[in-house]
Amino acid sequence: MKKYNPGPKIQGHPPKPATSIPSRQPLVSQTNAIPGPSVQSNLLDVSIRRTQSRDLREQARNALSLARNNSQPQDNTNFDFDNEYHPEHGLQDPLPDINQELPLLRRRPLQLHPPDRNFQPAALPDVHEPGFDQDEADAPSLVPVAFKENGEIRYAYLTAVMANVYGHLSWNQATNQLNHSLNMLLIANVLPAFPRPVRALASAKRHLGIDPDQWITQYAICPECWKHHSPSQLKQLLSAECSVPACNGLIYTERRDAKGKMVRTATKINPQVSVIGSLRRMFMRPGFAQSIRNSRQDQPGQNTDEDFVMTDIHHGTQWHDLETNILREVGEFGAVRDQAMEGRMVKKLTEHRYGLHLTMNTDWMGILENRPHSTGTIYFAINDLPRDQRFLQINVICAAVLPGPKEPNIQQINHCLEPSTKEMMLLQNGIKMDIIDEDEPANVYADNQILDCDMPAAHKLSGTAGHLHDMHPCLYCDTDITKINTREGYDYSSTFFMRDSQVLNVIAGWTATDDDHLLRQSFYSRHANPIRQKAILDDHGVRWSTLNLIAGWFPSKKTALDFMHCIFLGIIAHLFMRVLFAGYMFSGAGGRNSPKQRFENLINSVRWPSHITRLPKNLGENQSLKKADEWRRLLTITPVLLWWSWKDENDNIPDTEPPQPPNTHAPEFSRNCRRIYDAVLLLCAAVRLLATRSISMSQARIGQSFLSQYCLRCLELNIHLTINHHASMHIADMIKAYGPVYSWWLFAFERFNGMLERVNHNGHDGGRMELTLMRHWVQTHLIYEYTLSLPPNTHAIERETLNEILKSQAQQRGSMMTDIAVYQSEAAQDNIRLPLRQAKFINLRTFGPEGVLYPLLISYCRALWPDLNIVDDFSLDNGTVFFASKVARALTYIRKDGIRYGCMTNRRTQTDAYGFISCGGSRLPAEITTLLAVGIQDKVPHVCALIRRLRSDENIPLMPWALYESTLGIHTSYANDYHPYEIIPVSRIASPLALIPVHSNIVKKHLWISVSFDHSGTEPEDFFDDDDG
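As a starting point, this report considers the structure included with it. Owing to the predicted nature of the structure, the values given are computational and were not obtained by experimental measurement. Along each chain, residues carry numbers from 1 onward, in the same order as the chain's sequence is written. For a predicted model such as this one, the threshold for reporting local features is a pLDDT of at least 70, and the threshold for listing and counting side-chain atom pairs is 80 or more; totals across whole chains, interfaces and linings nevertheless cover every residue. Note that water and hydrogens are dropped before the side-chain values are worked out from all heavy atoms of the structure.

### Structural notes on the side chain of Glu-149
Here is step 1 of the chain: We count a stretch as a helix when DSSP gives it H or I for four or more residues in a row; a strand needs E for two or more, and each element gets its number in order from the N terminus. Of note, Glu-149 is situated in the loop between β1 (119-121) and α2 (151-165).
Here is step 2 of the chain: Of the side chains with opposite charge, Arg-154 lies nearest to the buried Glu-149, which makes no salt bridge, at 7.8 Å.
Here is step 3 of the chain: Two N or O atoms form a polar contact when they lie within 3.5 Å of each other; inside protein one atom must be a possible hydrogen donor and the other a possible acceptor, and for residues adjacent in sequence the pair counts only when both atoms belong to side chains. Within polar-contact distance, the side chain of Glu-149 engages the side chain of Tyr-157 at 3.1 Å. Residue burial is assigned from relative accessible area. The probe radius is 1.4 Å, only protein chains are included, and a residue is buried under 20% of its type maximum, exposed over 50%, and partly exposed in between. By the counting scheme adopted, Arg and Lys are positive, Glu and Asp are negative, and His together with the chain ends is not counted. Think of a salt bridge as a Lys or Arg side-chain nitrogen and an Asp or Glu carboxyl oxygen that are within 4 Å of each other.

If you want it as C-alpha cells, here you go:
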C-alpha cells in the first residue's frame, strides 16, 4: 500500500513525526493524586494503562488525520480498502492488548477514514407512528361530537361517564345510569330523534371526546428485544417469533374467542401517544397558540455579553441553533452530516411562528409496594410556553409509559424511542395543523432542544458510556475515572467554556467531547457484532442510539447535566451522608448541649413557609432524606445549622476535630470543623448562585468557581469524591446553552412520576399497569380540554357539575387535577394571582393595627394616583374622597411567581406572613401584616401590603458566613423587634423566608436568622386548605 504523504507543515499545528510517539513506559501514574480512598489498585493499574494506550493512539490518529486533511489527496489516493469499514462487521480497529507495547503507527488499528463521497439519508425508524393504524372513521375528533347535541343529552353523557371514571361505578352501573337519564328525557318527550343519542358508555365517552383509548396506541413488543409492532402489524405477522436476528422472543399468543375466531394477544405491550396528535389537540385549546412564544424577533447570542441577565431557557445559545427542513445523511465510511431537504431552504426553528423547542425527559419509578417493578416514562415539555405554564401536567405530553418489571437495556430503549423519534423527524420539517380561531391551517415545527434526564438515563438515551465507566464516565469531556480524585478534574482557574465552537477546546485539565466523532462511532456500532460494539464502547465511549437519526441531534451538545440529581441528590447528599454523618461530626457527648442535640433542636425550631415540608425531626438519628427538595432545603440552612452545632462559648467554630464516639473507626479524611465549614460555605454559595431564577454568565462563572474550590478543598481534606463532583464542573456550560437551571431542572418531571405512582391500577404485568397510567394521564388532558371548549350556551348546571368534579379530585393531594382546579379558581394579574372569591370591603379605621392602616394607605394612594386629588373622608376639601369602608378589600393570600404569601391578620395564612422585600438593591426580611386590594373610581385595582421590617443594627456580631451573606440570602435581626409599619406594592415581595431562632452569647439576646427560600415547584398542593375562613 502506498504510504500516506503527511503534506506540508501547517503553521501553528506542526504534525508530529512518527518517532515522537513514545513506546509504552513502565506503569507509573502521572497524576498528582491526593491521598485518600481510591479505586482498588488493580483497577487503577488497568485504568492508567488503558488511558496511556488510548492517549498514544489518539496522538497518532490526530497526527495522521491532520496530515491527511491538509495534503488534499486526489481521487486516485490509495487507501487500504482491504481494511475499510463494513457496517455488518464494524470498525477494524480492535482495542490493543494493554499488556503489550504499543507499536509505532500500526497500520490497521490506526485505520484512516477515507473521505465519504456517497451519502445516504438516515431512514425513518421502521415502525408505525402512534395513531397510524386508525381509519378515518375511528380517528378521534378534535371537537367533541357531543357539542353538536343538546345540552341535556350531553349532561346525561357527562354524569354517567364521570360516575364511572371518578365515582367508582362499574361499567354496567354507569351504563344503566346513562340509559335511565335518557329514558327520563324520553318519557318527558324531549329526547331528540336526530342526532340519535348513544346508549353505550364507550360511545358516550367518545362523543364527549374524553375516551383516552382513542389516543393511545398499544404496541405489541417482543418481550426480549422490545421490537415494536402496531396493532395492524401484529395482525400481519406470519408467526409469533421475533424477526430480530438472534432474538428468541414470542410476540403474541393465540386463542379462540366465543365465536371461534382466532385472536392474538400481545405478550407484552408498550402504550404510546402521538406527539403530533397531542399537539393538534393543544392547538385547538383556547389561548394555547397565543401562549406560544414568538421568537422571530429575538436576538441570538445575547448571553455572549457576560453581564446579560438570563431569565429563561430562550436566553441560552441552543435556542437559536436548531434548524428545520434538514435531513441527516450518513456516508459510506461513517461520516455524518445534515443537509437541506431537496427543494427546501434551511431555516432556523425560531424563524417560524410555531417553532416548538421541546425538552425530552425519561425516568423510572417503582409503582408496586409488594414487589420490585420499575416503570419508565417519556415526557415532552414545550419550552415555548411561559415558565409558569410549561410544567403544568396539562401542558406536558407523556409520549410513552415503558413497561417493567426491569429497566430496559440499550437495545430495548432504542426500540421504545423509535415512534417518538420518527415523529420528531417529521415535525422538524413541518406538519399542517388547525389552529383555533385561525382561518387557515398553519405549519407547526418542533425539535428536541434538550435531553434532560438524570445521569444514568441521559447516558442510556444518548447512547454514551455509563457514568461509572472507567474510561468515559463524563459525557462532556475526556476525563476518566482516575482523574475524579485529583486536582486535574477540578481546576477551573483557567476554564473558558466554548462548547458551541466547532473546534475542540481544552477546558482546564480536560478536552471537550467531539460530537462528530461520537456520531461516527455510534453509526459504526449500529450494525456491528456484540464484541465490536463493546470495543467501540470501551474505546470511544458510545453505542448506537435511535436519537442519532434526528438531524441536528448531537449526544453531548443536546444532553443537559441535570442540576437536581447532580447537586441535590449527588453532591449535597454526599456531603451529609459520607462526610458529616459518616465522619461523626455531630457528637452526642455533652447531653442536651451536645452538637448532635443542638443539630436536631435547630432543625425542629425552624419556621418554614407552608409550601416547604418540614425536615424530619430525628434527622440526627435517621440520617436519610429521599427527595432532592429536602436536600436542597437542608443545604439552604446548613451555614446556620453547622455553626449552631459546632460553636463554642464565644460563638466561634473551633479549629479542632470533634470527639469521636468510642468503638468507631476514624475516617480517612480530616474532621477539622473550621476547615470543613469553610469548604461547605463555598458549596452553599455556589448552589445559591447557580440555582437562581435569573443569572448572567459572569455570575455563573463565579458560582462555577466556588464549586470548583469546594471540590479542591475536599481533596485537600482527603475526602473521596464521585463522578457527580467532576460533572458539576460543566454546569456553567449548561447555563450558557440552556439558560438558568430553574427553567429546565427536573423537579416538575419528578412530580409527574409521583402523580403516576399514586394512580390505582390492576397490578397486571406485561404493560397492562402502564396502560392504566397512560389512560389516566391522557384522560386528564381530555377533561381539561373539554372544560375549555364548552359551547357558549352551556347550561350553568353542567359547568357547576364539572367544576365540582374537578375540585373534589384536586382535593386528593398530588392529583393531576390540581393544576386544572387552581387555574380555574384564581384570577391572574400580571405574575400575581388573587383568590377568585371576591373579598368584602373592610373599614380601614378599625381593621388591623389600631389607627395605623387608614393614614398610611391614603398617603400611599395619593402618591400612586396623584391625578385623583385624594382627600380624607372627614375632610371638607374638594377632591376624590377616600372612604374608609369603600376603597379596600382584605385578601387572605396572594400568589406571586407561584408562591403563596399570607398575612398576620388571617389566622390560616400566618405561616406565610414573612418574606424578603426589595429595598433598593438589597433584600430585607419583613412581616406581612395585611394584604389589600385598593380601587378608586375607574382605576385598575391595586394590590399592596402593610408590612414592618425586622430590625437589625451594627451591634449584632458578624457571623461566620458574613462574607457570603448576600449570596446565601441570610439576614440576622433581633427577635420580635420591628421597624414602623409601611405600605409597599406586592411586586416588591421578593421571596418567602424561613425563620431560625438562635441566642447570641455575645449580645446576650435572642436573634432571628432569616433565610430566603425560592420555590421550585408549580403545583400549590395546599391550595384547597386556604379558604377565607
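### Things to note about helix α20 (residues 747-757)
Here is step 1 of the chain: When you tally the buried positions in α20, you get nine out of eleven residues, the bulk of the element.
Here is step 2 of the chain: Residues of α20 that are buried: Phe-747, Ala-748, Phe-749, Arg-751, Phe-752, Asn-753, Gly-754, Met-755 and Leu-756.

### Focus: empty space enclosed by the protein
Here is step 1 of the chain: Cavity: a set of points on a 1 Å grid over the protein atoms alone where a 1.4 Å probe fits but cannot get out. Pocket: an open set with protein on both sides within 12 Å along at least five of seven lines, its lining residues, like those of a cavity, having an atom within 4 Å of a point. Grid points are joined across faces, edges and corners, and a volume is the space filled by probe spheres set on the points. Within this structure, the stated rule accounts for nine cavities of 30 Å³ or more.
Here is step 2 of the chain: Roughly 200 Å³ of volume is contained in the largest cavity.
Here is step 3 of the chain: Residue lining of the largest cavity: 16 residues in total, with Arg-632, Thr-636, Val-687, Arg-688 and Ala-691 positioned closest to the centre.
Here is step 4 of the chain: Among the secondary structure elements, those contributing two or more residues to the lining of the largest cavity are α15 (628-646) and α16 (673-690).
Here is step 5 of the chain: With four residues, the single largest contributor to the lining of the largest cavity is α15.
Here is step 6 of the chain: Gly is placed with the polar residues, together with every amino acid not listed as nonpolar (Ala, Val, Leu, Ile, Met, Phe, Trp, Tyr, Cys and Pro) or charged (Asp, Glu, Lys and Arg). Its residues assigned to classes, the lining of the largest cavity shows nine nonpolar, three polar and four charged.

### With respect to unusual backbone geometry
The general pattern is negative phi for most residues beyond glycine and trans for most peptide bonds.
Here is step 1 of the chain: Cis rather than trans, the peptide bond between Phe-194 and Pro-195 has omega equal to -10 degrees.
Here is step 2 of the chain: With respect to the helices, strands and loops of the structure, Pro-195 is situated in the loop between α3 (171-187) and α4 (201-208).
Here is step 3 of the chain: Pro-405 follows Gly-404 through a cis peptide bond whose omega is 5 degrees.
Here is step 4 of the chain: Looking at the secondary structure, you find Pro-405 in the loop between β14 (397-402) and α9 (410-427).
Here is step 5 of the chain: In this model, Asn-189 sits at a positive phi of 65 degrees, which is unusual for a non-glycine residue.
Here is step 6 of the chain: Overall, Asn-189 belongs to the exposed group, its relative accessible area being 70%.
Here is step 7 of the chain: With phi around 55 degrees, Asn-976 is a residue other than glycine that occupies positive phi space.
Here is step 8 of the chain: Considering the arrangement of structural elements, one finds Asn-976 in the loop between β30 (970-974) and β31 (982-985).

### So, the pairing of strand β27 (residues 914-919)
Here is step 1 of the chain: Buried residues dominate β27, accounting for five of its six residues.
Here is step 2 of the chain: As paired strands, β27 and strand β28 (residues 922-934) are joined by six bridges and run antiparallel to one another. Looking across to β28, one finds that Ser-918 is bridged to Arg-923.
Here is step 3 of the chain: In this scheme, strands are said to pair when DSSP sees at least two bridges between them. What sits between β27 and β28 in their antiparallel hairpin is a turn of two residues, with Gly-920 showing a positive phi close to 65 degrees.

### Some points on the packing of α15 against α16
Here is step 1 of the chain: Relative orientation of the contacting elements α15 and α16 amounts to 165 degrees, with a least axis distance of 9 Å. Taken together, α15 and α16 sit at an angle that is classed as roughly antiparallel. Crossing of α15 over α16 shows left-handed handedness. Residues Leu-635, Thr-636, Thr-638, Pro-639, Leu-642, Trp-643 and Trp-646 of α15 form the contact with α16, whose participating residues are Cys-673, Ile-676, Tyr-677, Val-680, Leu-681, Leu-683, Cys-684, Val-687 and Arg-688.
Here is step 2 of the chain: Classifying every residue of the contact of α15 with α16 by side-chain character gives 13 nonpolar, two polar and one charged. Note on definitions: angles span 0 to 180 degrees between N-to-C directions of axes, and those axes are lines fitted to C-alpha atoms, for helices only across the stretch in contact. Roughly parallel here means an angle under 35 degrees, roughly antiparallel means over 145, roughly perpendicular means 65 to 115, and every remaining angle is called oblique. Two helices cross in a left-handed way if the nearer one is turned anticlockwise from the farther one by less than a right angle. They cross in a right-handed way if the turn is clockwise. Contacts are assigned to residue pairs with any non-hydrogen atoms lying within 4.5 Å of each other.

### Section: the pairing of β30
Here is step 1 of the chain: The buried fraction of β30 is high, at five of five residues.
Here is step 2 of the chain: Residue alternation in β30 divides its side chains into two sets, Ile-970, Thr-972 and Tyr-974 and His-971 and Ser-973, and both sets are buried.
Here is step 3 of the chain: With five bridges connecting them, β30 and strand β33 (residues 1005-1012) associate as antiparallel partners. Bridge pairing in β33 links Tyr-974 to Leu-1007.

### Points about the pattern of salt bridges
Here is step 1 of the chain: Applying the stated criterion to the full structure yields 32 salt bridges.
Here is step 2 of the chain: Where Arg-632 meets Asp-629, a salt bridge forms, and the shortest distance between an N and an O atom there is 3.8 Å. Of this pair, Arg-632 and Asp-629 are both found in helix α15, three residues apart, which corresponds to roughly one turn of the helix.
Here is step 3 of the chain: Take Asp-629: its relative accessible area is 24%, and that puts it in the partly exposed class.
Here is step 4 of the chain: A network of salt bridges, in which partner residues are shared, links Arg-281, Arg-285 and Glu-785.

### Some details on the packing of aromatic side chains
Here is step 1 of the chain: What counts as a ring pair is set by centres within 6.5 Å for rings of Phe, Tyr and Trp (its six-membered ring), and what kind of pair is set by the plane angle: stacked under 30 degrees, edge-to-face over 60, tilted for all other angles. Within the structure shown, the criterion is met by 30 aromatic pairs.
Here is step 2 of the chain: Considering the side-chain rings of Phe-568 and Phe-747, the 5.9 Å spacing of their centres and the 45 degrees angle between planes classify their relative orientation as tilted. Taken together, the residues span a long stretch of sequence, with Phe-568 in helix α13 (residues 563-581) and Phe-747 in helix α20 at a distance of 179 residues.
Here is step 3 of the chain: Between Trp-745 and Phe-747, the ring centres sit 4.9 Å apart and the planes meet at 75 degrees, which makes this aromatic pair edge-to-face. Phe-747 shares its class with Trp-745; the two are buried.
Here is step 4 of the chain: Through a chain of ring-to-ring contacts, the aromatic side chains of Phe-576, Phe-581, Phe-586, Phe-599, Trp-631 and Trp-646 assemble into a single cluster.
Here is step 5 of the chain: The rule for a charge over a ring is simple: NZ of Lys or CZ of Arg within 6 Å of the ring centre, and within 35 degrees of the ring normal. One Lys or Arg, Lys-647, reaches over the ring of Trp-643 and ends 5.9 Å from the middle of that ring.

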